[in-house]
Each structure stands twice: as C-alpha cells, then as structure tokens.
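Residues per chain are reported as follows:
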Amino acid sequence: MDKMIYLDNAATTKTLSSAVEAMIPYFTENFGNASSIYRLGEESRKVISRTRNRIAESIKGEPSEIYFTAGGTEADNWALIAIAEAYASKGKHIITSRIEHHAILHTCEYLERRGYEITYVNVDENGLIKIDELKGAIRPDTILISVMFANNEIGTIQPIAEIGKIAKEKNILFHTDAVQAYGHLPIDVQSLSIDMLSVSGHKLGGPKGIGFLYIRKGIKIGSFVHGGSQERGRRAGTENVPAIAGFGAAVEYAFTGMEEREAKIQNLRDYLIKKIEKEIPYCRLNGDRAKRLSNNVSFCFRFIEGESLLIMLDMNGICASSGSACTSGSLDPSHVLLAIGLPHEIAHGSLRLTLSEENTLEEMDRTVDAIRENIDKLRQMSPLYEDFIANGK
C-alpha cells in the first residue's frame, strides 16, 4: 500500500514536532505544580503565562481574558451554562443556529430541560445563518447569541462581524465556537464584538485535552469546575502544564506565516473540488463556495452510503470522514446536511475531506481516483442507481 493520505484534519491534526518538543521538559525536568512557591513551580507558571500572552495576542484580547480548559467542548459548555446561570434574572432565552457542533446543541438541550428557552435559527442552502431570522428571534429576555465561526462539517464561514454588531446593539452577549476557524482565519475579538470564544488545541497541531475560553473583561460568570483557585478562581484543577506548553508552540506556528500557508491549502482545496466535480457525476458540493474554510471539501454523492465509501477509502490508505467525528457510528444523517435542505437519501452519501499543508497535488489525484473507483463499485450494487439509469436518468 502507498503512503497513508490523511484528510481528516477537522477531526484532529497531527501534533507538531515543535509542540511535542515544547511539552517534553514539563513532563521530565520542569514538572513542578504551577501553584507551588518554589523555583520548580515557577518554571511551570512561566510557560503558562507565555502561552496565555501569545493566545491573547492572536485574537487581539488581553491575557487576563484567556482561561485554559480541557478543550473546545468544555469551553462551549462553560460559556453557555455559566451565562445562563449568571443572567437568569434578566432572561432565560438563548439563540443559536441549527448547524452548531453538538457541544453547543447538547448543552442547549441540557438548558432546555432546566427551564431555558432556545431558538434555533435556520441556515440557507449553503449553511449561512439567516440574519433576518436571527434578528426576528431577539426578545427582551434574550441573554445570549451563540453562533459558530465556521462549520466543522461543510466549512461555511458565518458573518461573525454582522452577528456581533447585532448582539452589541441589543445589549446581548455573543459567544462563538471558533474551534475550526482559529489558526486558519484572522480573529479580532474587539472589531468582531465577540464576548466569548471557544478553541481546542488539537485542531491546529497542538495536543489533545487542552483549549481555552476567551471571556471579555467585565462579564460576570461563575466557575464551571469547582475546587482550587487556578485560572484566577474561575477554573479549578492543577494546570495541564505540558499540554499548555505544546498548545503555545502550536499557536506560535499557526499565526506565523498563516496567510501563505492558508493560500497553499486553499489551492489544494480548489484543485480537489474541481477534479471531483469534473470526474464524478451526480455529486453536490456542500457549503458556501466562497465563504469557506481553506481546508474543507464536503460532498454528497448520490446512490451510495457514505460509511461504505469511508471503509473502502480506508482500505486504499485514505483517512476521511462523513461529517463530524463526534457523530461517528450514528445511523442518522448529519444534522448539518439536513439543515441545509438535503433529503435523507442524499445526506447519507456524504464525504468530508479536510486538508493540511502536508498534503500534495499527487495525493489529491490519488484520492479522486480512489473515490471515483469506489463510487463506481458502490453504484453498481445500488438498485436505485440501476433504476435511475434504466429510466433514462
């Protein structure tokens, strides 16, 4: 078998060598607890401070506004639940979109069971939130709008500046899940009027199990994890110093030469999209063509099951997905694809390919060849495809 082709970077990325190297000393030499007062603990405090400063710089925030978490899911949970609890006296209404990550949607379901009311705003056929519907959903008791920066399945980038402006004018807090966008797009929390922002380290070459929540200065919310006084009393638990060190190295890499790197990945993306559309009939590109993450390629292919295609691609040495890694194994079609109006039978034939700068044009060619050959095999076994051909398409 040829070298593996990894095309599932939205699920997780390979940890950068610089991140691994940054972590090792905090396992072996500088292993002190950051809360201790002796010199060994000071070394841990220093790397935490450096990483916090670099992250703050990357989003135009302040170091005091950055709180480390165990990842994007915890950050999303913390943002929604803490705001709901802190602002319950003002209202119990929250607005989000139908295509959010399950870290948001399942947290909203949790809040609904506790008496909060959630409005799920629709999106158009390209996955862009319907701004007029968002505006119309705002009520006097609305306390939070939470809309993801860019979708993890179809790559559509939302009009975050416009949403932030609407929230600010209405004196409503605005949270965005930026797990897929951070490190790929420039983010300025000030100009975008973002009050809270969630990020996960392993989506940009950092280790798993680390992330952060940006909380704008002046927002009064409680702790999500209770215990000690770490993270200025807002997030208890001994800091994961090695992961924070690795995260810092990944952030430094991501925001150094980002524009050039993203342009390279986008060229690969556009080449792959064009080649699939040219060589494989009865396919549909999911997501907005222009307002799209540089590394995202999402298609639906008629007359096949996406899971079968994934298994066959794996046998060809190609790692891909049918959508969110968090819903792997589910028999239901993607909620994102249903929200953009696709029928079940088409949504079941989805394939998501998410690229990195390590991918090559030769890998794109091999991938399209494998997709085409496997889809041909699957369609030959499909009675629906047989009827479609027999009836003259």
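The following refers to the structure shown. For clarity, every value in this text was computed on a predicted model and none was experimentally measured.

Calculation criteria
- Residues numbered from 1 in each chain as written.
- Predicted model: local features only at pLDDT ≥ 70, side-chain atom pairs only at ≥ 80, totals over all residues.
- Heavy atoms only, no water.
- Phe/Tyr/Trp six-rings, centres within 6.5 Å; stacked < 30°, edge-to-face > 60°.
- Helix = DSSP H or I, 4+ residues; strand = E, 2+ residues; numbered from the N terminus.
- Buried < 20%, exposed > 50% of the residue type's maximum accessible area, 1.4 Å probe, protein only.
- Lys NZ or Arg CZ within 6 Å of the ring centre and 35° of its normal.
- Pairing = 2+ DSSP bridges.
- Axes fitted to C-alpha atoms, helices over the stretch in contact; angles between N-to-C directions.
- Contact = heavy atoms within 4.5 Å.
- Polar contact = N/O pair within 3.5 Å; in protein donor to acceptor, adjacent residues only side chain to side chain.
- Expected span 1.5 Å × (residues − 1).

**Here's the deal with the packing of aromatic side chains**
Part 1: The full count for this structure, using the stated rule, is ten aromatic pairs.
Part 2: Between Phe303 and Phe388 the ring centres are 4.8 Å apart and the planes differ by 40 degrees, which places this aromatic pair in the tilted class. In this pair, Phe303 is assigned in the loop between β10 (296-301) and α10 (306-315) and Phe388 in helix α14 (residues 383-390), connecting sequence segments 85 residues apart. Each member of the pair, Phe303 together with Phe388, is buried.
Part 3: Through a chain of ring-to-ring contacts, three or more aromatic side chains come together here, namely Tyr182, Phe212, Phe247 and Phe255.
Part 4: Seen from the ring of Tyr116, Lys92 lies directly overhead, with NZ or CZ sitting 5.1 Å from the centre.
Part 5: Geometry around Tyr67 places Arg232 over its ring, the cationic atom sitting 4.1 Å from the centre.

**A word on the sheet that holds strand β9 (residues 283-285)**
Part 1: If you walk across this open sheet you meet the three strands as β9-β10-β12, and the pairing is antiparallel. The strands lining the two open edges of the sheet, one partner per strand, are β9 and β12 (350-354). Recorded for the sheet is a direction-independent mean angle of 25 degrees between the axes of neighbouring strands.
Part 2: Taken together, the three bridges between β9 and β10 define a ladder with antiparallel strand orientation. Across the sheet, Cys283 pairs through a bridge with Phe301, a residue of β10.

**So, the environment of Ile340**
Part 1: Assignment of secondary structure puts Ile340 in the loop between α11 (335-339) and α12 (344-347).
Part 2: On the accessibility criterion, Ile340 (6% relative accessible area) is buried.
Part 3: Taking the C-alpha atoms as reference points, Ile340 and Ser146, separated by 194 residues in sequence, lie 19 Å from one another.
Part 4: Non-local contacts of Ile340, meaning those with residues more than four positions away in its chain, are made with Val123, Asp124, Glu125, Asn126, Gly127, Ile154, Arg284 and Asn286.

**Digging into the side chain of His175**
Part 1: With respect to the secondary-structure elements, His175 resides in strand β6 (residues 173-177).
Part 2: Relative accessible area serves as the criterion here: at 0%, His175 is assigned to the buried category.
Part 3: A polar contact of 2.8 Å, which involves the side chain of His175, links it to the side chain of Ser198.
Part 4: Residues contacting His175, with those up to four places away along its chain left out, are Asp76, Ala79, Leu80, Ile104, Leu144, Ile145, Ser146, Val147, Met196, Leu197, Ser198 and Leu213.

**Some points on helix α3 (residues 39-58)**
Because each turn of an α-helix spans 3.6 residues, side chains separated by three or four positions in sequence point in the same direction.
Part 1: With 20 residues, α3 extends 29 Å between its outermost C-alpha atoms, agreeing within 8% with the 28 Å of an ideal straight helix rising 1.5 Å per residue.
Part 2: Looking only at α3, the buried set comprises Gly41, Ser44, Val47, Ile48, Thr51, Arg52, Arg54, Ile55, Ala56 and Ser58.
Part 3: Residue Lys60 follows α3 closely and has a positive phi angle near 65 degrees.

**Points about the pairing of β10**
If a strand is regular, its side chains alternate between the two faces of the sheet.
Part 1: Where burial is concerned, most of β10 is hidden: six out of the six residues are buried.
Part 2: With burial as the criterion, each face of β10 is covered, one bearing Asn296, Ser298 and Cys300 and the other bearing Val297, Phe299 and Phe301.
Part 3: Two elements, β10 and β12, share five bridges in a ladder whose sense is antiparallel. When the sheet's bridge partners are listed, Asn296 is paired in β12 with Thr354.

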